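Given next are the chains, with one letter for each unit.
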Amino acid sequence: MEEELAMLRQLIGQLQELLHNGSPPPLPSSSSSSPSSSPSFLVLHHPQYQNGWCLPCIEETSADDCCDIVMAAGKRPGIFKMLETVKPPVKRTRKERNQGKSCTEGDDISGNMDQEIWQEFPQDLFEAVVSRLPIATFFQFRAVCRKWNALIESDSFSRCFTELPQTIPWFYTITHENVNSGQVYDPSLKKWHHPIIPALPKKSIVLPMASAGGLVCFLDIGHRNFYVSNPLTKSFRELPARSFKVWSRVAVGMTLNGNSTSHGYKVLWVGCEGEYEVYDSLSNVWTKRGTIPSNIKLPVLLNFKSQPVAIHSTLYFMLTDPEGILSYDMVSGKWKQFIIPGPPDLSDHTLAACGERLMLVGLLTKNAATCVCIWELQKMTLLWKEVDRMPNIWCLEFYGKHIRMNCLGNKGCLILLSLRSRQMNRLITYNAVTREWAKVPGCTVPRGRKRLWIACGTAFHPSPTARA
C-alpha cells in the first residue's frame, strides 16, 4: 500500500510541475458528506486540455482512503484514464492533429449518447436547445422521429421559440419563369430554397404581398382572393371573401395582435378610391369596412411599387401625389397623412423600416451616373436625410445604363433589392444596422444551370411554430 501511495504522490507531483500555473480551488463537496470522511479533490487544469482533471489530494488522505479510491476506480470504467501519467506535449503535424481530433470527438459522442442518461434529459432544457438551432436544420430535425416532429408543434416549444430574438429574415419571391412556385432566399447561408405550398391555387398567379410572424399573405393577380401560409410548415388558410369587390390595384399590409401568431394577426387592404377593410384572424371576418376620412386628400395616389412597412401596430404607405406618407394604426383605427417632399433626382423609391426608424431607399440618377441611396426620416423636421449609399465601385457597373429598381422585401433592418436593365439582373442586400452591402447569388432551377429572373417578393421571419 505504501508503494501505491508513493506512486500516486509522484503522479501528483508530475502534474503539478507540468501545470505550473497554480492549483485551482477545490471542488465543492456534497452536502451529505463531511470533509473529514471523504477525500478532498483538486481540479488541475491546463489550456492545452479541454477536460479538467479531478484527482485526490494525497497529502490530506490516508493510505486506506487511497486504497478505497483505487478499488472503486477499478469498478468504474474510464476512471483510470484520468489517473494516467501525463506526458509532455509532443509537436505533431496538422494532419495528425486533425486525425486525433476527429477520433476524440467520435469517441466522446459514442460514449455520451447513452440511452439511460439521455432519456432523463429535462424536457424544458431540450426545447430550449432545439429552439436555438439554425432554421434550416428544422427540416432535418422533423424527419428524425414522430416525437421530435410533435415537439415543434407543441405549445410549450412555441412559447420558448417566441421568447427568442428574431432571426435574420428570409425572402419569399416568385420568378417570371415559374410564377406558381416560390424561391426563398436565406441570407445567413446565402442559399436559395425551393419550397412548394400545395394548397395555393395552381391555375392562377398568386403574389406575395405582406408578412408577419413567419406568415406570408398572398393575393391572386385578379385581386379577388387572399391566402395566408407559413412557407416552412405549409400551414395554410384561405381568407373569406371580401364584403365588396375592388378590381383596381390594392396595397396590403399585415401585423400581429401580440408577439406571436397564437394571439392572431390582421390584414389590411387599401384601394385607390380610399376604400379599405381589415381582416382579423381571431374572428375570421373582414371588418371596419369604410373609406379614408375626409381630412385626407382623395383619391389616394399610392406608390404601389413601395410595399407598406409595419412599425409595431402601425402601417405606413408611400404617396405619390402629394409626396408623403399615409399611416394607419391597426389598434386605434386612425388614419394620418404626412406631406414630405422627396429628395431631388430620385426614382424608383420605396419605404423601409429598421426598428422604429422609417427609411427611404431609391435610385439617385444624375447625368449618366446611377446609385442606390438610403435616407432616414427626421422626426423633428419631417425631412429625409441621406445616411448611406452604395459603394462607388458598384455604381460604375450601372454607368450609362437605364436601371430599374424593385424592392423584394424588408424585415429586421435587412433589405433585398433587384437592379435590372436589359442585359442584367443584380440582387443585393443592405443591412441598415451594420451598413453592409452584399451581393446575392443568382437563383437557378433545382438541378439546373438556368438563372431565374425574380419578379417580386416579400421578406418574412422564418418560424417553425407560426400557424395560419
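Attention here is on the structure that accompanies the text. All values derive from a computational prediction rather than experimental measurement.

Criteria and cut-off values
Residues numbered from 1 in each chain as written. Predicted model: local features only at pLDDT ≥ 70, side-chain atom pairs only at ≥ 80, totals over all residues. Heavy atoms only, no water. Helix = DSSP H or I, 4+ residues; strand = E, 2+ residues; numbered from the N terminus. Buried < 20%, exposed > 50% of the residue type's maximum accessible area, 1.4 Å probe, protein only. Contact = heavy atoms within 4.5 Å. Areas by Shrake-Rupley, 256 points an atom, 1.4 Å probe, with all protein chains shown as cover. Disulfide = S-S within 2.5 Å. Salt bridge = Lys/Arg side-chain N within 4 Å of Asp/Glu carboxyl O. Pairing = 2+ DSSP bridges. Axes fitted to C-alpha atoms, helices over the stretch in contact; angles between N-to-C directions. Phe/Tyr/Trp six-rings, centres within 6.5 Å; stacked < 30°, edge-to-face > 60°. Lys NZ or Arg CZ within 6 Å of the ring centre and 35° of its normal. Polar contact = N/O pair within 3.5 Å; in protein donor to acceptor, adjacent residues only side chain to side chain. Arc of directions from axis to C-beta. Core = buried A, V, L, I, M, F, W, Y, C linked by side-chain atoms within 4.5 Å.

Helices and strands together make up the secondary structure of the chain, namely 10 helices and 27 strands. Out of the 468 residues in the chain, the part that is buried amounts to 41%. Pairs at least 24 apart in sequence give 52% of the contacts found in the chain among residues at least 6 apart. Surface summary for the chain: the accessible area is close to 26,700 Å², and the carbon and sulfur share equals 54%.

It is worth spelling out the state of the cysteines at this point. For the structure shown, the criterion picks out one disulfide. Between the sulfur atoms of Cys 354 and its disulfide partner Cys 413 the distance amounts to 2.1 Å. With the S-S bond torsion at 85°, the cross-link from Cys 354 to Cys 413 turns out right-handed. Pair noted here: Cys 354 is in strand β19 (residues 346–354) and Cys 413 is in the loop between β23 (404–411) and β24 (414–420), with a separation of 59 residues, a long-range link. Relative accessible area serves as the criterion here: at 5%, Cys 354 is assigned to the buried category.

Scanning all chains against the criterion turns up seven salt bridges. The shortest N-O distance in the salt bridge between Arg 426 and Glu 397 comes to 2.7 Å. Note that Arg 426 is positioned in strand β25 (residues 425–431) and Glu 397 in the loop between α10 (392–395) and β23, a separation of 29 residues in sequence. Among the residues examined, Arg 426 registers a relative accessible area of 31% and is labelled partly exposed.

Taken in spatial order, the four strands line up as β5-β4-β3-β27 in an open sheet, and their pairing is antiparallel. Strands with a single pairing partner mark the edges of an open sheet, and in this sheet they are β5 (191–193) and β27 (454–460). Neighbour to neighbour, the strand axes of the sheet diverge by 30° on average, direction disregarded. In this sheet, β27 lies alongside strand β3 (residues 170–175) in antiparallel orientation, the contact comprising six bridges.

Let's shift gears to the packing of aromatic side chains. By the definition in use, this model includes 11 aromatic pairs. Judged by centre distance (5.3 Å) and plane angle (80°), the ring pair of Tyr 172 and Phe 218 falls under edge-to-face. Of this pair, Tyr 172 sits in strand β3 while Phe 218 sits in strand β7 (residues 215–220); the two residues are 46 residues apart in sequence, bridging distant segments of the chain. Using a relative accessible area of 3% as the deciding quantity, one classes Tyr 172 as buried. When the centroid spacing of 5.1 Å and the interplanar angle of 70° are considered together, the rings of Tyr 276 and Trp 335 count as edge-to-face. On the criterion of sequence distance, the pair formed by Tyr 276 in strand β12 (residues 275–280) and Trp 335 in strand β18 (residues 335–339) is long-range, its members being 59 residues apart. Positioned above the aromatic ring of Trp 269, the side-chain terminus of Arg 242 is 4.9 Å from the ring centre.

Cis peptide bonds are those with omega within 30 degrees of zero, and the linkage from Asp 321 to Pro 322 qualifies with -5°. Its identity as a non-glycine residue notwithstanding, Asp 348 has a phi of 50°, on the positive side. Here Asp 348 is to be found in strand β19. Positioned with a positive phi, Cys 413 is a non-glycine residue whose angle comes to about 70°.

The next point concerns the sheet that holds strand β20 (residues 357–366). The four strands are arranged β19-β20-β21-β22 in an open sheet whose pairing can be described as antiparallel. Strand pairing shows two members of the sheet lacking a second neighbour, β19 and β22 (383–389), which therefore form its edges. Averaged over all pairs of adjacent strands, the angle between strand axes in this sheet comes to 30°, irrespective of strand direction. Relative to strand β21 (residues 369–378), β20 runs antiparallel, the two being bridged by eight bridges. Across the sheet, Thr 365 pairs through a bridge with Thr 370, a residue of β21.

The next point concerns the side chain of Thr 465. For Thr 465, the position within the fold is in the segment after β27. For Thr 465, the side chain forms a polar contact with the side chain of Ser 463, separated by 3.2 Å.

Let us now look at helix α6 (residues 123–130). Residues separated by three or four positions in an α-helix point in the same direction, a consequence of the helix having 3.6 residues per turn. Among all positions in α6, only Glu 127, Ala 128 and Val 130 are buried. Axial view of α6: buried residues confined to an arc of 165°, hence all on one face.

Now for the nonpolar core. Ranked by size, the top nonpolar core spans 24 residues in total, and within it Val 361, Val 372, Met 390, Leu 417, Leu 419 and Trp 437 carry the most contacts. Broken down by secondary-structure element, the contributors of at least two residues to this core are β19, β20, β21, α10, β23, β24 and β25. What Leu 417 contacts, discounting residues up to four positions off in sequence, is Val 361, Val 372, Met 405, Asn 406, Cys 407, Arg 426, Leu 427 and Ile 428. By size, the runner-up hydrophobic cluster in this structure holds 20 residues, among which are Phe 226, Val 228, Val 246 and Ala 466.

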